[in-house]
Amino acid sequence: MPGPIDYTKLRIIPDFDTREWWEATRQHKYLVRQCNRCGHKWFPPTFPACGKCASMDIGWFETAGKGVLYSYVVVVQPIIGAFVSAVPYVVAIIELDDCREEDGTVTRVAGVLTNDESEVAIGLPCEVLYEATNDPKIVVPRWRICGSAPNTWKFEE
Amino acid sequence: MGALTDKYCIVGVGETPHMRPSNRTTLSMACEAVSKALADAGLKPSDVDGMTSYQAGDSTTSAAVATSLGMRLNYSLDILGGGSSTEALVAHAIGLIEAGYAKTIVCFRSMNGRSGRRMGGQVPGGPIPIANAEGDNQFNMSWGWTTPAQRFGMSAMRYLRDTGCTTDAFGEIAIAHRLHASLNPKAIHRTPITMEDHHRSRWVVKPFRLLDCCQETDVAAAIVITSREQAYDLRQPPVFIMGGYARTMTDNPQWNYSRREIHYVAGNYGWKRAFGMAGISHSDVDFISCYDAFTFTTLIQLEANGFCGRGEAGEFVKGGRLQIDHELPSNLSGGHLSEGYTHGIQMVIENVRQLRHRADDACPRWAEGIHTYDRKAGCRQLRKARICCGMAWGYENMASCLILRGIAA
Ligand SMILES: [Zn+2]
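Reading the values: rules and limits
Residues numbered from 1 in each chain as written. Chains lettered and ligands numbered in written order. Predicted model: local features only at pLDDT ≥ 70, side-chain atom pairs only at ≥ 80, totals over all residues. Heavy atoms only, no water. Donors = N, O, S within 2.8 Å, 3.2 Å for Na, K, Ca; no water. Tetrahedral: all angles 85-135°; square planar, octahedral: opposite > 155°, others 65-115°. Helix = DSSP H or I, 4+ residues; strand = E, 2+ residues; numbered from the N terminus. Buried < 20%, exposed > 50% of the residue type's maximum accessible area, 1.4 Å probe, protein only. Pairing = 2+ DSSP bridges. Contact = heavy atoms within 4.5 Å. Axes fitted to C-alpha atoms, helices over the stretch in contact; angles between N-to-C directions. Lys, Arg positive; Asp, Glu negative; His and termini not counted. Salt bridge = Lys/Arg side-chain N within 4 Å of Asp/Glu carboxyl O. Core = buried A, V, L, I, M, F, W, Y, C linked by side-chain atoms within 4.5 Å. Expected span 1.5 Å × (residues − 1). Bend = angle between axes of the 7 residues up to and from the residue. 1 Å grid on protein atoms, 1.4 Å probe; cavity = no way out; pocket = protein on both sides within 12 Å on 5 of 7 lines; lining within 4 Å. Points joined across faces, edges and corners; volume = space filled by probe spheres on them. Nonpolar A, V, L, I, M, F, W, Y, C, P; charged D, E, K, R; others polar.

S.K.: Please explain the coordination of the zinc ion as it appears in this structure.
M.R.: Between any two of four tetrahedral donors, the ideal angle at the metal is 109.5 degrees; between two of six octahedral donors, it is 90 or 180 degrees. Residue and element names in this part refer to chain A. Those protein atoms acting as donors to the zinc ion are C35 (SG), C38 (SG), C50 (SG) and C53 (SG), and they sit at 2.2 to 2.3 Å. Considering all four donor atoms around the zinc ion, angles at the metal cover 102 to 118° and the coordination shape is tetrahedral. Sequence spacing among the residues donating to the zinc ion works out to C-x2-C-x11-C-x2-C. Remark: C50 occurs in the loop between β3 (41–42) and β4 (58–63) and C35 occurs in strand β2 (residues 30–35); sequence separation between them is 15 residues. Considered together, C35 and C50 belong to a single accessibility category, that of buried residues.

S.K.: Got a minute to help me understand the sheet that holds β3(A) in this structure?
M.R.: The strands making up a sheet associate through hydrogen bonds between their backbones, and the pairing can be parallel or antiparallel. Residues and elements named next belong to chain A. Overall, antiparallel pairing links the three strands, which are arranged β3-β2-β4 in an open sheet. Across the chains shown, the open sheet's two edge strands, defined by having one partner strand only, are β3 and β4. The sheet contact formed by β2 and β3 spans two bridges and is antiparallel. Within the sheet, the bridge partner assigned to R33 lies in β3 and is W42. Contacts between helix α1 (residues 19–26) and the sheet are confined to β2 and β4, with β2 contributing the most and set at about 145° to the helix.

S.K.: Mind showing me how you'd approach the side chain of A:K41 here?
M.R.: All names here are of chain A. Relative to the helices and strands, K41 resides in strand β3. Of the side chains bearing the opposite charge, E101 lies closest to the buried K41, which forms no salt bridge; the N-O distance is 5.2 Å. When neighbours within four sequence positions are excluded, K41 is seen to be in contact with V32, R33, Q34, F61, D98, C99, E101 and T107.

S.K.: Sorry, what's going on with the nonpolar core here?
M.R.: Within soluble globular proteins, side chains that are nonpolar tend to cluster in buried spots. Ranked by internal contacts, the top residues of the largest apolar core, which has 113 residues, are A:Y72, B:W145, B:I288, B:L299 and B:I403. Not counting the four nearest positions on each side in its chain, B:L299 is found in contact with B:Y159, B:C165, B:A169, B:F170, B:I173, B:A313, B:G314 and B:V317. Listed in part, the 34 residues of the second largest apolar core include B:I79, B:I324, B:V348 and B:L382.

S.K.: Would you mind going over the pattern of salt bridges with me for this structure?
M.R.: All told, the structure shown has 39 salt bridges over all chains when counted by the stated rule. Measuring nitrogen to oxygen at the nearest pair gives 3.9 Å for the salt bridge that ties A:R100 to A:D97. Residue classification places A:R100 among the partly exposed positions, given a relative accessible area of 44%. Of the charged contacts in the structure, one is a salt bridge between B:E196 and B:R200, with a shortest N-O distance of 3.9 Å. Here B:E196 pairs with B:R200, and both are found in helix α7 (residues 195–200), just four residues apart, close to one helical turn. Classification of B:E196 by relative accessible area gives exposed; the value is 53%. Exposure remark for B:R200: the relative accessible area of 60% places this residue in the exposed category. Taken together, the shared-partner salt bridges connect B:E15, B:K186, B:E339, B:E350, B:R353, B:D360 and B:R380 into one network.

S.K.: How should I be thinking about helix α5 (residues 148–163) of chain B in this particular structure?
M.R.: Two residues of an α-helix separated by three or four positions point the same way, owing to the 3.6 residues in each turn. Residues and elements named next belong to chain B. With 16 residues, α5 extends 22 Å from end C-alpha to end C-alpha; this agrees with the ideal 22 Å at 1.5 Å per step. Approximately 25° is the largest bend angle found in α5, and it occurs at M154. Of all 16 residues that make up α5, twelve are buried, and the element is covered over most of its length. Regarding α5, the residues found buried are A149, Q150, R151, F152, G153, M154, S155, A156, M157, R158, Y159 and L160. Immediately downstream of α5, the backbone of G164 shows phi near 80°, a positive value.

S.K.: Whenever I open this one, empty space enclosed by the protein confuses me. Can you help?
M.R.: A probe matching the size of a water molecule, rolled over the atoms, marks out where space remains unfilled. Residues and elements named next belong to chain B. Enumeration according to the criterion identifies one cavity of 30 Å³ or more in this entry. Empty space within the largest cavity amounts to approximately 40 Å³. Taken together, A174, R178, I193, L210, L211, C213, Q215, L337 and S338 form the lining of the largest cavity. Among the secondary structure elements, those contributing two or more residues to the lining of the largest cavity are α6 (168–181) and α12 (335–338). Across the lining of the largest cavity, the residue classes break down as six nonpolar, two polar and one charged.

S.K.: Would you explain unusual backbone geometry in this entry?
M.R.: For the bond running from A:V87 to A:P88, omega is -10°, close enough to zero to count as cis. Residue B:P21 follows B:R20 across a cis peptide bond; omega there is 5°. Structurally, the position occupied by B:P21 is in the loop between β1 (8–15) and α1 (26–41). Positive phi outside glycine occurs at B:S84, with the angle close to 80°. Checked against the element boundaries, B:S84 lands in the loop between β3 (75–80) and α3 (85–99). Of note, the phi angle at B:R247 is positive, near 50°, even though the residue is not glycine. Note on placement: B:R247 falls in strand β9 (residues 239–249). When its relative accessible area of 25% is taken as the criterion, B:R247 is described as partly exposed.

Purely geometric stuff here, so don't read any function into it on its own.
Below, the structure written as structure tokens:
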């Protein structure tokens, strides 16, 4: 397991476009933005219009919080104080299973894995879990590997 | 061919030393760089009526430099931007001069990029003690994924997986640019390195080692742009602007990670425009510069700009192809990896010097364009330096390019 993240050194400040997203994580729900006109989904919710049809009539889609590991990095040198005890930690891009659209559009999100780098490979299935912080209003989603898959790929040093 | 191809020239270049730390203000450094670029061109401050700069909220302004140097400007603009800005401001200058807004324009970048605000976000003494995760950065900051190395590493990792390329391709680039720095008295790191050195280099964020990362420095640099008609009377052989593209973006430019292929970077959308404007093909290019914030950024731009096919860059750089006296010399001053990090402007400067045949190397008569071509004696001037393709990177989703030629081309 990577070491703990010290959330006392991180002030997460939701805003107009993201307040509901953070409210959902507090209730252990993983949202992505969704267009009310054409159904397109996207992340992060900081973008207030639909990238496919430019509508600003937008809502949310509650995902199952499951996906496939698309890429990752292993942070060895910490830059943010909150992560000094966490190194080496893996930040992963996860392609969400339930956000694929007919034209091939996908939604990928990012997060810190709870797994060690030795367990990580591109192509593995992942699921979200929720980590409380010292701020009762803020819950941060993390991800863990939840199975195996054929044809995975691992970074060889 | 573009309507303005070869009508505008870069006529002056200049920079401060690369310092760690400068113990100076960005205004002081900017004045030195602008003064040196004007002197190089043989221009007085009163000959220049336009000034532009780019910065990241970390630098001085055109107004402050103009006040200091006693210039009255007909045009000024300071933009927010890092890599890929220089080339865009050159394009901008062409339009301004063509339209009559100004006659001669100086463009600068001044940054205490090491001792002041660092692009990676580090503060003096170590990691950021308390970080605010807000605005565009609230998600990335929340999962400890903020620095350019950490962000670009994600595309690099997927690239390695998709192409079978290994980090030895990164090593090839580090070695080539360091070799060139060894021939540049101005460079921060001048000791040549080997693939073993690259393998032994410590990890910063996998897949990047320390030798894959650029050298943040305190530096200012400037270039002067004017019309061909003005350029002929100036001090240096003019360098002609053939073509380019400017801050071209991919789709989904602020969330690269949902794109179909996260390493299909912005240059792919630009290079046909640049080469078409210049009226040349890749085989006409004698040398390149390639924005090396990281070794990987050079690698990916080679294929993004059509120098090799998709997924082929790892093979392409093998065997020293990017080294001086090989097929496609890259970043002849040592680049960001070894000379020092200037947000791209020094690559344009080095390209101009090479195209003038006046690389400021160890040759005693370099200023007259006389070189020995003896690499062991510290000559870094290319024998054949007629056309250069400069490729610039902002991030995966934004890129510029500037194709230049010397007077002999
Ligand atoms: Zn829509």
